[in-house]
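Below, each chain spelled out in residue letters.
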Amino acid sequence: YNAEGAFVGTVTTFLPGHGLPIDDKTVEHEAADRSLLFDTFLVVPLLQTKGLYAERKFSGNMDTGDNNDYIGKVVDAFAHHVVEETHGQFMLADLQGIVGPDRSITLFDPQAHSITGDTGEWDQGLVAIDKFCTEHHCNAVCRQLQLGKLKDKVVGELKDKAVGELKDKDVTRETPHRAWED
């Protein structure tokens, strides 16, 4: 991930601007006076996207990656590895990044799904993890890493464990988080 040279910043002086509302209780004139949603923010270096560097999307929030080239297969195997390593507790989705001329990949802005469905408004919970486990096709990289078959292994564990934890939780939201449109 794009972490080298990154730092957390804090606003110490008022910055006038026309920001988005902070929450449903923020009155419109307060939101119009803010340039940032929060006083704390993450700064990361700008990624090279020109010349020999290419921006690439490998999977979507609810679309399982099924890439045909080597770099895409590596990212698909990485997503598989995360599900297997966390015993189905988490899954990374919406994987995208910058591919360098040396075939290096810098991933940015991933989304996560968890069996508790509480990593953010985009978290589709067990529904998304189950979908990934069912739709993922192991590729040569998965086999080289000796990753297990998700359909046989993780999905059963997920469903057994999630029954008690998800009884009252709605994890089938269809819309992305856009608090300012509520």
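Structure shown above.
Residues numbered from 1 in each chain as written. Predicted model: local features only at pLDDT ≥ 70, side-chain atom pairs only at ≥ 80, totals over all residues. Heavy atoms only, no water.

1. Some thoughts on the overall build of the chain
Consideration 1: Helix and strand counts for the chain come out as 5 helices and 7 strands.
Consideration 2: The order of α-helices and β-strands along the chain, N terminus first, is β-α-β-β-α-β-β-β-β-α-α-α.
Consideration 3: Put simply, the chain has 182 residues, and 34% of those count as buried.
Consideration 4: Long-range contacts, defined here as pairs at least 24 residues apart, represent 64% of the contacts in the chain between residues at least 6 apart.
Consideration 5: Roughly 11,600 Å² of accessible area belongs to the chain as shown, and the carbon and sulfur atoms make up 54% of that amount. (Helix = DSSP H or I, 4+ residues; strand = E, 2+ residues; numbered from the N terminus. Buried < 20%, exposed > 50% of the residue type's maximum accessible area, 1.4 Å probe, protein only. Contact = heavy atoms within 4.5 Å. Areas by Shrake-Rupley, 256 points an atom, 1.4 Å probe, with all protein chains shown as cover.)

2. Observations concerning empty space enclosed by the protein
Consideration 1: All chains considered together, the criterion is met by 2 cavities of 30 Å³ or more.
Consideration 2: Of the pockets and cavities examined, the largest cavity occupies roughly 60 Å³.
Consideration 3: Lining the largest cavity are 14 residues, and of these Ser59, Gly65, Ala79, Leu92 and Phe132 sit closest to its centre.
Consideration 4: When residues of the lining of the largest cavity are traced back to their parent elements, those giving at least two are helix 2 (70-85) and strand 4 (90-93).
Consideration 5: Of the residues that constitute the lining of the largest cavity, the class distribution is 8 nonpolar, 4 polar and 2 charged.
Consideration 6: There is about 40 Å³ of room inside the second largest cavity.
Consideration 7: Taken together, Gly60, Asn61, Met62, Asp63, Thr64, Met91, Ala128, Lys131 and Phe132 make up the full set of residues lining the second largest cavity.
Consideration 8: Here the lining of the second largest cavity is composed, by residue class, of 4 nonpolar, 3 polar and 2 charged. (1 Å grid on protein atoms, 1.4 Å probe; cavity = no way out; pocket = protein on both sides within 12 Å on 5 of 7 lines; lining within 4 Å. Points joined across faces, edges and corners; volume = space filled by probe spheres on them. Nonpolar A, V, L, I, M, F, W, Y, C, P; charged D, E, K, R; others polar.)

3. Comments concerning unusual backbone geometry
Where the residue is not glycine, phi is negative for most of them; where a peptide bond is considered, it is trans in most cases.
Consideration 1: For aspartate 109, which is not a glycine, the phi torsion comes out positive at approximately 55°.
Consideration 2: In this structure, glutamine 146 takes a positive phi of about 55° despite not being glycine.
Consideration 3: By secondary structure assignment, the location of glutamine 146 is in the loop between helix 4 (140-144) and helix 5 (150-165).

4. Section: the side chain of histidine 80
Consideration 1: Among the structural elements, histidine 80 can be located in helix 2.
Consideration 2: The exposure class assigned to histidine 80 is buried, which follows from its relative accessible area of 0%.
Consideration 3: Polar side-chain contacts of histidine 80 include one of 3.0 Å to the side chain of histidine 136.
Consideration 4: Discounting chain neighbours no more than four positions away, the residues touching histidine 80 are Phe132, His136, Cys138, Cys142, Leu147, Gly148 and Leu150. (Polar contact = N/O pair within 3.5 Å; in protein donor to acceptor, adjacent residues only side chain to side chain.)

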